[in-house]
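# What the coordinates show
Next come the chains, spelled out residue by residue.
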Amino acid sequence: MTYEMTGKTVVITGAGGGVGTAAARRFAAAGASLVLADLNAVRLEELAGELAALTTVYGVACDVSSVADVENLMAEAVAETDRIDVLINTAGLWVEGPTETMTEADWDRVVDVNLKGTFFCCSRAIPELRKTQGCIVSLSSDCGVVGTPETAIYTASKGGVSLFTKALALELAGDLVRVNAVCPADIMTPMLQYQADTYGGGDPEGYFKRLLGSYPQGEKARFITPEEVAELIFYLASPPAAPITGANISIDFGTSAGYGYE
Ligand SMILES: NC(=O)c1ccc[n+]([C@@H]2O[C@H](COP(=O)([O-])OP(=O)(O)OC[C@H]3O[C@@H](n4cnc5c(N)ncnc54)[C@H](O)[C@@H]3O)[C@@H](O)[C@H]2O)c1
């Protein structure tokens, strides 16, 4: 089942990335007007060009870790389309390694984008979402649900997103604004490729194999596609999801479900 989103405005951060691009395509196919934000202005232009045949698209270069940029993004969305119905927070960064080796710069970079960026995008969209009884979907992670070794900063940032989502859902429930997070395991996107290239010790395929080795599907394990995550985001922004708020929805092949057989 699909739903028409004509007349609705969807703001997507990190729109130049794997999940953001898939979400932009999904909502464009449903007729929503799109306000796409990313640090990468070139990628934004390409995507806006691709989707212009389907819907109205605005690209806004934005660093979500800057509150001034975020305020400008929301102001642009309203100036161009007069409303915000859906905010999708996908802008994110990855860092991994032993906690004792992490620097202040690692912490600031990742937490500023993943947690502070998500927080202020939500915060500054609230007045418009109240008017439209809109909704927020933020990208948390399986790392926002369970601990994994050598990902402490990323995990702290996503754990923050997951619980912030619940707190904000309660705060906005009376306005019928819904706030949810999705918690994927490994999605085949530029971020996952970056992880393998940067932290795979020169053997990206080995890195991928190690990740999939922890999946309960064993030999049949595979990575999630960005389109599968986009479909879940779309569902959460659609009418049948009306009772769903304050949820952290796992999309992870069961990797966060508990212990396996071994
Ligand atoms: N790929 C995975 O395996 C995976 C798994 C679970 C959760 N997630 C989360 O999903 C979200 C999307 O990830 P992805 O895999 O599509 O990553 P990606 O790297 O493909 O895309 C992320 C996008 O965010 C943008 N970005 C980075 N810093 C920014 C900033 N300061 N301001 C604005 N934009 C900025 C990048 O330019 C990029 O286009 C992230 O929050 C990530 O943590 C990813």
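Only a predicted model underlies this, so the values are computations on that prediction, with no experimental measurement involved.

Attention now goes to the overall build of the chain. Check the secondary structure of the chain and you find 8 helices and 7 strands. Rg of the C-alpha trace for the chain: 18 Å, near the compact-globule value of 18 Å for 262 residues, within the 12% margin. Seen along its three principal axes, the alpha-carbon backbone of the chain occupies a region of about 50 × 35 × 35 Å. Classification of the 262 residues of the chain by burial places 44% in the buried group.

Turning our attention to the domain arrangement of the chain. Each assigned domain of the chain is listed here: domain 1 (9-187 + 225-250) and domain 2 (189-223). Inter-centroid distance (C-alpha atoms) of domain 1 to domain 2 is 24 Å. The partner domain 2 presents 9 residues to the 8 residues of domain 1 that form the contact.

Surveying the vicinity of the ligand reveals 29 residues, the closest of which are Gly14, Gly17, Gly92, Thr189 and Met191. At the level of elements, helix H1 (18-29), helix H4 (104-132) and helix H6 (190-199) are the ones that each hand at least two residues to the shell around the ligand. The residue makeup of the shell around the ligand, split by class, is 13 nonpolar, 13 polar and 3 charged. Two domains each provide a minimum of three residues to the shell around the ligand, namely domain 1 (9-187 + 225-250) and domain 2 (189-223).

For the rest of this paragraph, the subject is the environment of arginine 210. Following the sequence through the fold, arginine 210 ends up in helix H7 (residues 204-212). Under the C-beta neighbour-count criterion, arginine 210 is labelled exposed, with 12 such atoms within 10 Å. A sequence separation of 92 residues divides arginine 210 from threonine 118, and the C-alpha atoms of the two residues are 30 Å apart.

With that settled, consider the packing of H6 against H7. Contact geometry of H6 with H7 gives a least axis separation of 8 Å together with a crossing angle of 115°. Both H6 and H7 take part in a crossing whose hand is right-handed. Contacts between H6 and H7 pair Gln195, Ala196, Asp197 and Tyr199 from the former with Pro204, Tyr207 and Phe208 from the latter. Here the residues of the contact of H6 with H7 sort into 5 nonpolar, 1 polar and 1 charged.

Strand S1 (residues 9-13) sits mainly inside the fold: 5 of its 5 residues count as buried. A two-sided burial pattern is seen for S1, the buried positions comprising Thr9, Val11 and Thr13 on one face and Val10 and Ile12 on the other. With H1 bridging S1 and the parallel strand S2 (residues 33-38), this β-α-β connection has right-handed handedness. Both S1 and strand S4 (residues 86-89) contribute to a ladder of 4 bridges, which runs parallel. Looking across to S4, one finds that threonine 13 is bridged to asparagine 89.

A few words on unusual backbone geometry. Backbone geometry places aspartate 82, a non-glycine residue, at a positive phi of 75°. Looking at the secondary structure, you find aspartate 82 in the loop between helix H3 (67-81) and S4. A positive phi is found at glutamine 133, a non-glycine position, where the angle reads about 50°. Here glutamine 133 is to be found in the loop between H4 and strand S5 (135-139).

Each value, and the rule that gives it
- Residues numbered from 1 in each chain as written.
- Predicted model: local features only at pLDDT ≥ 70, side-chain atom pairs only at ≥ 80, totals over all residues.
- Helix = DSSP H or I, 4+ residues; strand = E, 2+ residues; numbered from the N terminus.
- Rg over C-alpha atoms; globule rule 2.2 N^0.38 Å.
- Buried ≥ 20, exposed ≤ 12 C-beta atoms within 10 Å, placed from the backbone.
- Domains from an automatic or database assignment.
- Contact = placed C-beta atoms within 7 Å.
- Near = placed C-beta within 6 Å.
- Nonpolar A, V, L, I, M, F, W, Y, C, P; charged D, E, K, R; others polar.
- Axes fitted to C-alpha atoms, helices over the stretch in contact; angles between N-to-C directions.
- Left-handed = near helix turned anticlockwise from the far one by under 90°.
- Right-handed = clockwise from strand over helix to strand, strands pointing away.
- Pairing = 2+ DSSP bridges.

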